[in-house]
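Listed below, chain by chain, are the residues.
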Amino acid sequence: MQGYVERAATKLITRKLANNPAAAIIGPRQCGKSTLARHILKEYTDALYLDLEKPSDVNKLRDPEAFFSVNKDKLVCLDEIQRRPDLFPLLRSILDERNRNGQLLILGSASPELLKQSSESLAGRISFIELTPFYIEELAEPEKIDTIRGLWLKGGFPRSWLAQSSEESFEWRQDFIRTFLERDIPGLGFNITGRKMDRFLTMCAHVTGQLLNSSKLGASLGVSGHTVRSYIDLLEHAFMIRILLPYEINVKKRLVKSPKVYIRDTGILHALLSIASFNELLGNPVCGPSWEAFAIENILSGIRNRKPFFYRTAAGAEVDLVLAGANGIIAIECKLSTSPAPSKGFWNALDDLSPSWSWIIAPVKEMYTIERGVTVGSPFHFLESSGW
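What you see is a predicted model; the values in this text were computed from it and never measured. Residue positions are counted from 1 within each chain, in the order its sequence is given. Given that the model is predicted, a residue must reach a pLDDT of at least 70 before its local features are reported, and side-chain atom pairs must reach 80 or more before they are shown or counted; all residues, however, enter totals for whole chains, interfaces and linings. Side-chain numbers here rest on the full set of heavy atoms in the structure, without hydrogens or water.

1. With respect to the overall build of the protein
Then comes step 1: Put simply, DSSP H or I for four residues or longer makes a helix, DSSP E for two residues or longer makes a strand, and each gets a number counted from the N terminus. When helices and strands are tallied, the protein shows 17 helices and 14 strands.
Then comes step 2: C-alpha atoms define the radius of gyration in this analysis, and the globule rule sets the expected value at 2.2 Å times the number of residues to the power 0.38. The C-alpha radius of gyration of the protein comes to 22 Å, within 12% of the 21 Å expected for a compact globule of 388 residues.
Then comes step 3: The C-alpha extent of the protein, read off along each of the three principal axes, is 65 × 45 × 45 Å.
Then comes step 4: Considering the protein as a whole, with its 388 residues, one finds that 54% of them fall into the buried category.
Then comes step 5: Residues count as neighbours in contact if any of their non-hydrogen atoms are within 4.5 Å of one another. Sequence separation of at least 24 residues holds for 68% of the intrachain contacts in the protein that already meet a minimum separation of 6.
Then comes step 6: All accessibility values rest on the Shrake-Rupley procedure with a 1.4 Å probe; residue burial counts only the protein chains present in the view. Split by element, the accessible area of the protein, about 17600 Å² in all, is 46% carbon and sulfur. Each residue's exposure class comes from its accessible area (1.4 Å probe, protein chains only) as a fraction of the maximum for that residue type: buried when under 20%, exposed when over 50%, partly exposed otherwise.

2. Considering the pairing of strand β1 (residues 22-26)
Then comes step 1: Taken across its 5 residues, β1 has 5 buried, putting it largely inside the fold.
Then comes step 2: A two-sided burial pattern is seen for β1, the buried positions comprising Ala22, Ala24 and Ile26 on one face and Ala23 and Ile25 on the other.
Then comes step 3: Here a strand pair is declared whenever DSSP counts at least two bridges between the two strands. With 5 bridges joining them, β1 and strand β4 (residues 104-108) adopt parallel strand pairing. Paired with isoleucine 25 across the two strands is leucine 107, which belongs to β4.
Then comes step 4: Pairing between β1 and strand β5 (residues 126-130): 5 bridges, direction parallel. For isoleucine 25, the partnering residue across the bridge sits in β5 and is isoleucine 129.

Quick look at the structure:
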C-alpha cells in the first residue's frame, strides 16, 4: 500500500471551513473521506476526530451538549454522521450560539437529500463538498496511457487503486460490494434484502450507459417500475450510480426523454460483472459503455461548475455528455478507439447544439484536432485543458 495521495478537494474544504460554521464531506464509503479529514485536521490546533461507528467515540457523545461545551473552542470532526441524525438539532443551536466559522466538519456516506436532517437543520450554516474516489488528475503520471488504463480497470477507490496486485484489488472490490449491500444499505434505514439489491445492482451494471427502462428492470426483478425508481434513488444518493438526464433545448426535434444510468466507479462495475483483468474487459460487451462511464466520471470529478446531461434525438443525433454553463456548452463524445471516427449522429448533434467546445474522449497518447475544431484527447487531456 502506497502512502498518502494528495486530494484535489483539500484546498476547497479548508476554504469552506474558513468561511462557514460547518462543512460536510460527503461521498461513498471508502472513498477517502476519513483519511482526508485527518490530514486536514493536522493544520488545526487541538482539533478532535470522532468516529461514530466506534463505540468509545459514541460514548463521548452520551451527553452531546456537555461534550460540545467542554470543546467549544475546537474544530470537531464527526465521521459517519448518518449514524446519529438526532444530533442535528443540537448542532444547529451550538453553531448559532458560538457564531464563528470552522466549528464543525462532518463526514457522511450519503447525499444531502438522503441526510435530510442536515440539509434542513443546518441550512445556511453548512457547505457540502462531494469527495469522489481518485480521479486521473490526482494520480502520479496521470498523462500516461498505462495509468489511465489501470484506473479504468480497477476504479478509483483508494484501497482498490493502491492494492499491491490486480488480484488483491479485485478481491477488495468484491468485499466492498458485499459490505455495501449487507450493512450500508440497511444502515441508511432501508429494508431491502442484500440479495435483491445485489441482483438489481448487477442488472444496472449490465445496462450501464443505456437508457433507463424501469418497467423492463422491474419485470426482470419481479417488482413494479415505481419500486425500481425507489431503488435507483437510493443507489444514486449512496453515490453508487449516476443518472444522467437528457439535455432539452428548444429545437424542432423529437428528443429522447428517458435518463441514462451508469455505475459510477468502473472498478465496481467490473467486479459486479466478474471482470478481473484488462484482457477480460476488452473482450466483454460492456467495454465501450465502461469507457464511457470512466470518461464521464473523471470529467465530472474535475469539472464541478457545469451541469451534466446527454443529448439524443429520435432521428439518431447523439452526444454522450453535454456540460452546460453560463458561457456556453461543451459537447463530449466517448470513443474506445485510438483512432476514433465520429458517427453521423455526432455531427448532427453538433449542428443541433452549436457547442462552444467539442471533444472526443478516447484512450490516445497525444491530443489533436480534427475537422470542425473537434479535439480528440484522453480524460487527462480534457481536464488539463479545462480553462473554461
